[in-house]
Amino acid sequence: MLFILGVCVFSDIGGYIIGKSIGGKKLTKISPNKTISGSFGSFLFSLLPLGIALIFFNTINYSGKYILVCLLVSLSCQLGDLIISYFKRLAKVKDTGKILPGHGGIFDRIDGLMFVVILTFILYNFNIFH
């Protein structure tokens, strides 16, 4: 579970860092600050926890399968973020709380995770992690 959480966190960080530093074409009108370069950054950074796991746990035999898992988790995080942003725009709500004003609220930190939990459950039940 920590591995999946790490993939989500790194995916979010990668999207922010690469998106802000490179910029470029907007990904969608739903969330105007998201860029295509940020999306690629999310995918790229989502692989970092796998690299860390390979170094510390010597799981090189499973690396191909886990590359796909990292990319699927990153995609799920990004889609979750966009879907929740879409619902917030429909409701004309900027922030979902007052704890992190201007950042979407505390709920914005976990919106991608809601979708990842479902994906992880599915992947686990198909024995992807064994």
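Everything that follows concerns the structure shown earlier in this document.
Definitions and cut-offs
Residues numbered from 1 in each chain as written. Predicted model: local features only at pLDDT ≥ 70, side-chain atom pairs only at ≥ 80, totals over all residues. Heavy atoms only, no water. Helix = DSSP H or I, 4+ residues; strand = E, 2+ residues; numbered from the N terminus. Buried < 20%, exposed > 50% of the residue type's maximum accessible area, 1.4 Å probe, protein only. Contact = heavy atoms within 4.5 Å. Areas by Shrake-Rupley, 256 points an atom, 1.4 Å probe, with all protein chains shown as cover. Core = buried A, V, L, I, M, F, W, Y, C linked by side-chain atoms within 4.5 Å. Salt bridge = Lys/Arg side-chain N within 4 Å of Asp/Glu carboxyl O. Lys, Arg positive; Asp, Glu negative; His and termini not counted. Patch = residues over 30% accessible without salt bridge, like charges linked within 9 Å, V, L, I, M, F, W, Y side chains within 5 Å. Axes fitted to C-alpha atoms, helices over the stretch in contact; angles between N-to-C directions. Parallel < 35°, antiparallel > 145°, perpendicular 65-115°, else oblique. Left-handed = near helix turned anticlockwise from the far one by under 90°. Nonpolar A, V, L, I, M, F, W, Y, C, P; charged D, E, K, R; others polar.

**Student:** Describe in detail the overall build of the chain, supporting the description with residues and values.
**Tutor:** Each helix and strand counted, the chain has five helices and zero strands in total. Going from N to C terminus, the chain has its helices and strands arranged as α-α-α-α-α. Burial analysis of the chain (130 residues in total) assigns 35% to the buried set. In the chain, once contacts between residues fewer than 6 apart in sequence are set aside, the share between residues at least 24 apart is 62%. Summed over all atoms, the accessible surface of the chain reaches about 8300 Å², with 72% contributed by carbon and sulfur.

**Student:** Describe the nonpolar core, naming the residues involved and giving the relevant values.
**Tutor:** Core analysis: the biggest nonpolar cluster contains twelve residues, these being I4, V7, C8, L50, Y66, V69, C70, V73, C77, V116, L119 and L123. For this core, the secondary-structure elements that each account for two or more residues are α1 (2–22), α4 (63–90) and α5 (111–125). Residue contributions to this core peak at five residues, all from α4. Once residues within four sequence positions are removed from consideration, C70 is found in contact with F3, V7, S46, L47 and L50.

**Student:** Tell me about the pattern of salt bridges, and please be specific about residues and values.
**Tutor:** One pass over the structure, following the stated rule, counts one salt bridge. The salt bridge involving K34 is made with D81; its shortest N-O contact spans 2.7 Å. Taken together, the positions of K34 in the loop between α1 and α2 (36–45) and D81 in helix α4 put the pair 47 residues apart, joining distant regions of the chain. Residue D81 is classed as buried on the basis of its relative accessible area of 11%.

**Student:** Break down the environment of K88 for me, with residues and values.
**Tutor:** If you trace the backbone, K88 turns up in helix α4. The class of K88 is buried, set by a relative accessible area of 12%. Separated by 58 residues in sequence, K88 and I30 place their C-alpha atoms 9.5 Å apart.

**Student:** Go over the side chain of D111 with me, naming the residues and quoting the values.
**Tutor:** Residue position: D111 is located in helix α5. This buried residue, D111, is left without a salt bridge; K88 holds the nearest opposite charge, at 5.9 Å. Not counting residues within four places of it along the chain, the set of residues in contact with D111 comprises G80, D81 and I84.

**Student:** How would you explain a nonpolar patch on the surface if you had to name every residue and give the values?
**Tutor:** A cluster of nonpolar side chains, L68, L72, L75, L79, I83, Y86, F87 and L90, forms an exposed patch at the surface whose accessible area comes to about 710 Å². Turning to its location among the elements, L75 is positioned in helix α4. The exposure class of L75 is partly exposed, given its relative accessible area of 36%.

**Student:** Just give me the short version of the packing of α1 against α2, but keep the residues and values in it.
**Tutor:** Packed helix pairs are characterised by how far apart their axes lie and by the angle those axes make with each other. Contact pair α1 / α2: the axes reach a minimum separation of 7 Å and the direction vectors enclose 140°. Taken together, α1 and α2 sit at an angle that is classed as oblique. Taken as a pair, α1 and α2 cross one another with a handedness that is right-handed. On the side of α1, the interface is formed by F10, S11, I13, G14, G15, I17, I18, G19 and I22, while α2 contributes S37, G38, G41, S42 and F45. Among the residues forming the contact of α1 with α2, the class breakdown is six nonpolar, eight polar and no charged.

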